[in-house]
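One letter stands for each residue in the lines below.
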Amino acid sequence: MAEHRLTTLTGPGGSGKTRLATETGRRMTGDLPDGVWLVEFAAVSAGGDVVQATISGLGLRDALLGDAGSAEPADRLVAAIRDREMLLILDNCEHVVDQAAALAHRLLGECRRLRILATSREPLGITGEALWPVAPLGLPDGDAPIAEVESSPAVRLLRDRAAAVRRDLAFDARAATTMARICRALDGMPLAIELAAARLRTMSVDQLATRLDDRFRLLTGGSRTALPRHRTLRAMVDWSWELLSDAERAVLRRLSVFSGGASLDAAERVCAGGAVEPGDVLDLLTALTDKSLLVAAGDVAPHYRMLGTIKEYAAQRLAEVGEADLARRAHLAYFTELAETAEPRLRRADQLTWLARLEAEHDNITAAVRGALAAGEGREAMRLAAGAGWYWWLGGHRTEGMELIIAATEAPGDVPDDIRAVVYGLVVLFLSSGPGDAQHAAEWIHKAYRLSGEGHGGHPELALVVPMERMLREPDALLPAWESLLDHEDPWVRALARLHLGKLRVILGVEAAQAEACLRQALAEFRAVGERFGISFALSELAELIAVRGDVAAACAYYEQAAAAVTEVGAVEDVIRMRARLAWLYRLGGDETASAAALAEAHRLAAGVAWPGALAELALVRAYLARHDGDADEAYAQLRSVSALLGDEADLASVRAGTQDLLGYLAEDVEQARTHRAAACRAAREGGYAPLTAQVLVGVADLAVRLDRPDHAARLLGAATAVRGLPDRAHPDVPRIEAAARDRLGDAEFAEAVAQGRETGWERLVEITLAS
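Residues numbered from 1 in each chain as written. Predicted model: local features only at pLDDT ≥ 70, side-chain atom pairs only at ≥ 80, totals over all residues. Heavy atoms only, no water.

Undergrad: Would you explain the overall build of the protein chain in this entry?
TA: Of the regular secondary structure elements, the protein chain holds 40 helices and eight strands. Here the protein chain has a C-alpha radius of gyration of 35 Å; the compact-globule value for 772 residues is 28 Å, and the former is much larger. When the accessible area of the protein chain is evaluated, it comes to approximately 33,100 Å², of which 50% is carbon and sulfur surface. (Helix = DSSP H or I, 4+ residues; strand = E, 2+ residues; numbered from the N terminus. Rg over C-alpha atoms; globule rule 2.2 N^0.38 Å. Areas by Shrake-Rupley, 256 points an atom, 1.4 Å probe, with all protein chains shown as cover.)

Undergrad: Would you mind showing me how to read the sheet that holds strand β3 (residues 86-91) here?
TA: Strand pairing in a sheet takes place through backbone hydrogen bonds and is either antiparallel or parallel in direction. Pairing in this open sheet of five strands is parallel, and the strands run β2-β3-β4-β1-β5 from one edge to the other. Taken across any chain shown, the strands that pair with only one partner, and hence form the sheet edges, are β2 (36-40) and β5 (129-133). The mean angle between the axes of side-by-side strands here comes to 20°, regardless of whether they run parallel or antiparallel. In the sheet, strand β1 (residues 6-10) pairs with β5 via five bridges, with the strands oriented parallel. Considered in β5, the bridge of T10 is made with P133. Contacting β1, β3 and β4 (114-120), helix α5 (residues 97-110) runs over the sheet at an angle of about 165° to β4. (Pairing = 2+ DSSP bridges. Axes fitted to C-alpha atoms, helices over the stretch in contact; angles between N-to-C directions. Contact = heavy atoms within 4.5 Å.)

Undergrad: Whenever I open this one, the environment of Q672 confuses me. Can you help?
TA: Tracing the backbone shows Q672 in helix α35 (residues 670-687). Considered as a pair, Q672 and M306 are 366 residues apart in the sequence and their alpha carbons are 62 Å apart.

Undergrad: Got a minute to help me understand the packing of aromatic side chains in this structure?
TA: For any pair of aromatic rings, geometry is given as the distance between the ring centres together with the angle between the planes. One pass over the structure, following the stated rule, counts eleven aromatic pairs. Ring geometry for F430 versus W611: centroids 6.4 Å apart, planes at 75°, classification edge-to-face. With F430 in helix α22 (residues 417-432) and W611 in the loop between α31 (592-606) and α32 (612-628), the pair connects residues that are 181 residues apart, well separated along the chain. Given a relative accessible area of 1%, F430 falls into the buried group. Every member of this aromatic cluster is reached through a ring pair, and the members are W390, W393, W492, F533 and F537. The side chain of R627 reaches across the aromatic face of Y665, ending 4.1 Å from its centre. The positively charged end of R677 is found above the aromatic ring belonging to Y665, 4.3 Å away from the centroid. (Phe/Tyr/Trp six-rings, centres within 6.5 Å; stacked < 30°, edge-to-face > 60°. Buried < 20%, exposed > 50% of the residue type's maximum accessible area, 1.4 Å probe, protein only. Lys NZ or Arg CZ within 6 Å of the ring centre and 35° of its normal.)

Undergrad: What am I meant to see in the sheet that holds strand β7 (residues 295-297) here?
TA: Here we have three strands laid out as an open sheet, ordered β6-β8-β7, and antiparallel in their pairing. The sheet is open, and its two edges are formed by β6 (262-263) and β7, each paired on a single side. Summarising the sheet, β7 and strand β8 (residues 303-305) pair through three bridges and their orientation is antiparallel. The residue bridging A297 from the neighbouring strand is H303, located in β8.

Undergrad: Honestly, the side chain of T366 in this entry has me stumped. Any pointers?
TA: With respect to the helices and strands, T366 occurs in helix α19 (residues 362-374). Exposure remark for T366: the relative accessible area of 6% places this residue in the buried category. Only 3.1 Å separates the side chain of T366 from the backbone oxygen of D363, close enough to count as a polar contact. The contact partners of T366, leaving out residues within four places of it in the chain, are W392, E400 and L404. (Polar contact = N/O pair within 3.5 Å; in protein donor to acceptor, adjacent residues only side chain to side chain.)

Undergrad: Any chance you could explain the packing of helix α27 (residues 512-529) against helix α28 (residues 532-548) here in plain terms?
TA: When two helices pack together, you describe them by how their axes are tilted relative to each other and by the distance separating the axes. Between α27 and α28, the least distance of the axes is 8 Å, while the angle of their chain directions is 155°. On the basis of the axis angle, α27 is roughly antiparallel to α28. α28 is crossed by α27, and the crossing has left-handed handedness. Listed contacts from α28 to A512, E516, L519, R520, L523, F526 and R527 of α27 are G534, I535, A538, L539, E541, L542, L545 and I546. Looking at the contact of α27 with α28 residue by residue, the class counts come to ten nonpolar, one polar and four charged. (Parallel < 35°, antiparallel > 145°, perpendicular 65-115°, else oblique. Left-handed = near helix turned anticlockwise from the far one by under 90°. Nonpolar A, V, L, I, M, F, W, Y, C, P; charged D, E, K, R; others polar.)

Undergrad: What exactly am I supposed to notice about the nonpolar core here?
TA: Nonpolar side chains tend toward joint burial in soluble globular proteins. Ranked by internal contacts, the top residues of the largest apolar core, which has 176 residues, are L252, L255 and W392. Membership of the second largest hydrophobic core comes to 37 residues, among which are Y665, L697, A704 and L717. (Core = buried A, V, L, I, M, F, W, Y, C linked by side-chain atoms within 4.5 Å.)

Undergrad: In this structure, what is going on with unusual backbone geometry? I would like to understand it.
TA: Residues apart from glycine generally show negative phi values, whereas peptide bonds are mostly found in trans. Of note in the backbone geometry, N92 takes a positive phi value of approximately 65° without being a glycine. Examined against the element boundaries, N92 turns out to sit in the loop between β3 and α5. Its relative accessible area of 5% is what places N92 among the buried residues. Unusually for a residue other than glycine, E511 sits at a positive phi of about 50°.

Undergrad: How do you make sense of the packing of helix α21 (residues 398-410) against α22 when you look at a structure like this?
TA: It is at 10 Å that the axes of α21 and α22 come closest, and there the two elements cross at 145°. Classified by chirality, the crossing of α22 by α21 is left-handed. Counted together, R398, G401, M402, I405, I406 and T409 of α21 and R420, V423, Y424, L426, V427, F430 and L431 of α22 form the full contact between these two elements. Across the contact of α21 with α22, the residue classes break down as nine nonpolar, two polar and two charged.

Undergrad: What is the right way to read the pattern of salt bridges from this model?
TA: When their charged atoms lie close together, side chains carrying opposite charge are able to pair. On inspection of all chains with the given rule, the structure shows 57 salt bridges. Put simply, D325 and R328 hold a salt bridge, and the shortest N to O gap is 3.0 Å. Placement of both D325 and R328 in helix α17 (residues 324-342) is noted, with a separation of three residues, approximately one turn of the helix. You can call R328 buried: its relative accessible area is 17%. With its nearest N and O atoms 3.7 Å apart, the salt bridge here joins R677 to D702. (Salt bridge = Lys/Arg side-chain N within 4 Å of Asp/Glu carboxyl O.)

Undergrad: What should I look at first to understand the side chain of R254 in this one?
TA: Relative to the helices and strands, R254 resides in helix α13 (residues 246-255). At 2.7 Å, the side chain of R254 forms a polar contact with the backbone oxygen of C271. In this structure R254 touches V270, C271, A272, G273, V276, L318 and E323, once residues within four positions along its chain are discounted.

Undergrad: I would appreciate a short explanation of helix α39 (residues 747-759) in the present structure.
TA: Along an α-helix, residues three or four apart share an orientation, since each turn contains 3.6 residues. With 13 residues, α39 should cover 18 Å at 1.5 Å per step; its first-to-last C-alpha distance of 19 Å lies within 8% of that length. The complete set of buried residues in α39 reads F750, A753, V754 and G757. In an axial view of α39, the angular spread of the buried residues amounts to 100°, which keeps them on one side of the axis. Pointing more than 90 degrees away from the buried face of α39 are the exposed residues A748, E752 and E759. Contacts from the buried residues of α39 go to α37 (710-724), α38 (734-745) and α40 (762-770). (Expected span 1.5 Å × (residues − 1). Arc of directions from axis to C-beta.)

Undergrad: What's the story with the environment of T8 in this structure? I'm lost.
TA: With respect to the helices, strands and loops of the structure, T8 is situated in strand β1. Looking at T8, the relative accessible area reads 0%, which means it is buried. Between the C-alpha atoms of T8 and E489, which are 481 residues apart in sequence, the distance is 61 Å. Contact partners of T8, with chain neighbours within four places excluded, come to A118, S120, E122, P123, L124, E129, A130, L131 and W132.

Spelled out as structure tokens, the structure:
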């Protein structure tokens, strides 16, 4: 204020600006010998006489104005206050903004000791004006502690106004949380909150919260002495609407189809039409922002967004003029084009740039898909899902992405085979990123393969369908299936094929050295492409291989690199899994502090994720850690969580094998342990996953020790090594079991038994031990 003689308070409607202006004026009274004067322009009609209103507001009599017949009113006003050191508050200038601006310019130019504080929904737009946007009242975050909720300005206003109209209203923690939800729905707008409080005369807080979807009908109980436009929420917004030009109204209406705001490029595409040219949109957005109907957020590429109340009002106006479907289709077309442009770049070095752009438009993309689905536009929904699917999977939106992709596949409409094939391939991607139902995934693989013309489509997802289809048809040709992609034209596809060849060798328990070579080459190829998810994938597979060899510290280093790479792209589900795995590896390495930190980070991330696979893997690691710490009750509790999270998928072979193996260690009774070991072996046989089978065999060896059959234990350890292809030096129970068996057998007999186990079928060894 001291640096500017004109300050304009701008903001959304309501009495907040006037209250702030008068309070500011009162604080400055001591510095201004001639005081603070408030002039209300609310009663002045549009284009009316603001000079006469100012004269009346100042209480100037004719004697103070000089010769009434010899000068214009403005001249007489200047003469009366020319030498006064005062603050003049011009309130509610928006409907007479041109006249108010002219008056302020004249007064400031000729009254050198005068300061003016104006309130308006848009700036006066004169030289030397300092703008002070009046933001809505502060709102608490959704997860804020109760003390922060209760002390937030918006909740305090609602509580205070509610207490004034209803003495018996309880204000406990639950009520405070509900009030916060009300205030967030009303965007912290003071007038809306005051109108909501008035409704609490005859409604409970919960009833009010549930009825705000019809806020314009609900919030109508303003003071009888207030200005007409302050008595209802609709009247307040109507007042702003009537002050707009036709072009401004058209842009504001059409902006209502956006969710989370509109970029300039998007607004120019969606809001143009009729009398609005694309080149006019920027000026119109600026005007609407100046009028406090839009908020421009973001430094590099601003997004123009509306408060919820304005958005709902504009959407109603859009429907009234019959443009809702036209605007929605323009919005859908723009974001489909954006997703299709970005999609191939998400597998290249500039993926972070394109991920950030899509993340900024996440709400718009999902709203566009949902709008197409609601309109029964299957072709359009499938096309956008095909473009956005990899982003949803990569960028940490797997639960929502899976829901939308499946919904798109079920929508009616004539969809080209190439688009449908890509979406089916994406379903396979989502299904395979968790425990997944192999039979269910196989059905989608077959459908994608057929629709793509036996995998001859140009999209990477269709290229990956080819080896998957061959693996289903020729279970003995797993490696050749992926080798067929090593000469593919897309370097990302070649790198992924190389990675799968390394991973398959680990799964099959064959050619450990060749597996590592494939993984390292895949890592180099992904780094050459610059694709961070592939880099992370290769690093995590290498970490597991290195951990089995016993170099836990090196494995942790690889996993840390993997987690850092995948964090950059936002695949939070994978970060949870990696941090959980690090918690276990750090514990094996004896670093309790690092283990606790990794587990805490996994928990922090899990709080914002609904993807069952990631949460189940975290719970399983917590179960292993609890068993490692001797806390059987906690281990059992975490295993129950795994089952609850996965639902029907908890019965999958890979899940059953792991959980039954852990239950075998937890069982206090030998017969219970025998039952769990038998179940684990059946699941391992069904799954056919060599590392998991080897893990289960170590568990049966533990049972053999408990049965006092050290020879069986040694043979089972040998069989586990044979199945995996190398000894597992990261399994915490192997040293204990080996020591117990060696102590009873002696070194020579132990070595001979291990050798026998390597040469004997593991299923026969299990059968003998379980029958003991």
